[in-house]
Amino acid sequence: MNKKTDTLFSHPMGAVEGFTFDAAVVSVFPDMIQRSVPGYSTVIAISGVLAQRFSQPGTRIYDLGCSLGASSFSMARNAATNCELLAVDNSAAMLDQLQTILAEQELSTTVKTVNADICDVDISNASLVALNYTLQFVSIDKREALLKNIHQGMVDNGVLILSEKIKFDSQQVDELFIDLHHDFKRANGYSDLEVSQKRDAIDNVLIPEELDAHRERLAACGFSRVEVWFQCFNFASLVAFK
Ligand code: GEK
């Protein structure tokens, strides 16, 4: 996979524009997400472990907000027989690059790309759905309808993986984890300027919520059980069972 170094925010930008998943971001995306999201590799690898356990033969797996397909490939390589994986993203630039990467893969699971808003996608016959760092980009008022749609499109014993940046009810803890996240980015080679300009760009684009808000919404959408299986600072991953 493309590993060009992310230097998009390394020069002073004056007014920083809102972050979008355009061609410039796509060209550095694997490096950007790896150096910016604590636990990213773990979440990708464990998505495959969860696929091995919970995907069911002859069903669909959805990767909603697939970007360059890291979660898709991890799940596809570990899926039950005759699964079809739908990799959905509304960034045409991401999906163009994903098609190129897909063409180089040999997979026994069929992977189809879908250029659409995840809020408009028809979900059916799904045994496994991944929302790895994507729900955070959907406006809060649309999140419940999306999760209800996912729940109703799942087969019995369907599983949702939900990975998100989160916030905390204690301001002290919230500030500490934001600081530690920024320390993590600096430890991965980002400068103070890059950290601060990226923060400005992502503000109002990525809206984190508290874990309790996720738990309550998932329960309201019909999921019978929700567990946090991973957390590092202000990034967490949950599994929700139909
Ligand atoms: C991974 N899951 O590597 N509809 C469709 N796609 C969307 C929407 C939407 N409404 N909003 C955002 N996206 C991936 C990483 S990245 C996370 C996911 C990050 C897409 C957006 O275009 C981008 O590709 C992805 O969600 C978020 O496992 O960059 O922090």
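See the structure above.
Anyway, here's the lowdown on the structure attached to this text. (Residues numbered from 1 in each chain as written. Predicted model: local features only at pLDDT ≥ 70, side-chain atom pairs only at ≥ 80, totals over all residues. Heavy atoms only, no water.)

1. Overview of the side chain of asparagine 132
Part 1 of the argument: Mapped onto the elements, asparagine 132 comes out in strand β4 (residues 126-132).
Part 2 of the argument: According to the relative accessible area criterion, asparagine 132 is buried, its value standing at 6%.
Part 3 of the argument: A polar contact is formed between the side chain of asparagine 132 and the side chain of serine 71, at a distance of 2.9 Å.
Part 4 of the argument: Here the side chain of asparagine 132 touches serine 163 through a polar contact of 2.7 Å, side chain to side chain.
Part 5 of the argument: If near-sequence neighbours (up to four positions away) are discounted, asparagine 132 is found in contact with Val43, Ser47, Leu64, Gly65, Ser71, Ile161 and Ser163. (Helix = DSSP H or I, 4+ residues; strand = E, 2+ residues; numbered from the N terminus. Buried < 20%, exposed > 50% of the residue type's maximum accessible area, 1.4 Å probe, protein only. Polar contact = N/O pair within 3.5 Å; in protein donor to acceptor, adjacent residues only side chain to side chain. Contact = heavy atoms within 4.5 Å.)

2. Topic: the site of the ligand
Part 1 of the argument: In the vicinity of the ligand there are 22 residues, among which Tyr40, Gly65, Ser67, Ser71 and Asp89 approach most closely.
Part 2 of the argument: Contact distances for the ligand include 2.9 Å between a nitrogen atom and a backbone N or O atom of isoleucine 118.
Part 3 of the argument: Protein burial of the ligand: of its 660 Å² of free accessible surface, 94% is covered by the chains.
Part 4 of the argument: Listing elements by their share of the shell around the ligand, those giving two or more residues are α1 (23-36), α2 (40-54) and α3 (70-77). (Near = heavy atom within 4 Å. Areas by Shrake-Rupley, 256 points an atom, 1.4 Å probe, with all protein chains shown as cover.)

3. Quick look at the packing of aromatic side chains
Part 1 of the argument: Applying the stated criterion across every chain, the model contains eight aromatic pairs.
Part 2 of the argument: With centroids separated by 6.5 Å and ring planes inclined at 70°, the aromatic side chains of phenylalanine 21 and phenylalanine 29 adopt a geometry described as edge-to-face.
Part 3 of the argument: Judged by its relative accessible area of 28%, phenylalanine 21 falls in the partly exposed class.
Part 4 of the argument: Residue classification places phenylalanine 29 among the buried positions, given a relative accessible area of 7%.
Part 5 of the argument: Pairwise contacts between aromatic rings join Phe21, Phe29 and Phe137 into one cluster.
Part 6 of the argument: Above the face of the tyrosine 190 ring, lysine 185 is positioned so that its terminal group lies 5.1 Å from the ring centre. (Phe/Tyr/Trp six-rings, centres within 6.5 Å; stacked < 30°, edge-to-face > 60°. Lys NZ or Arg CZ within 6 Å of the ring centre and 35° of its normal.)

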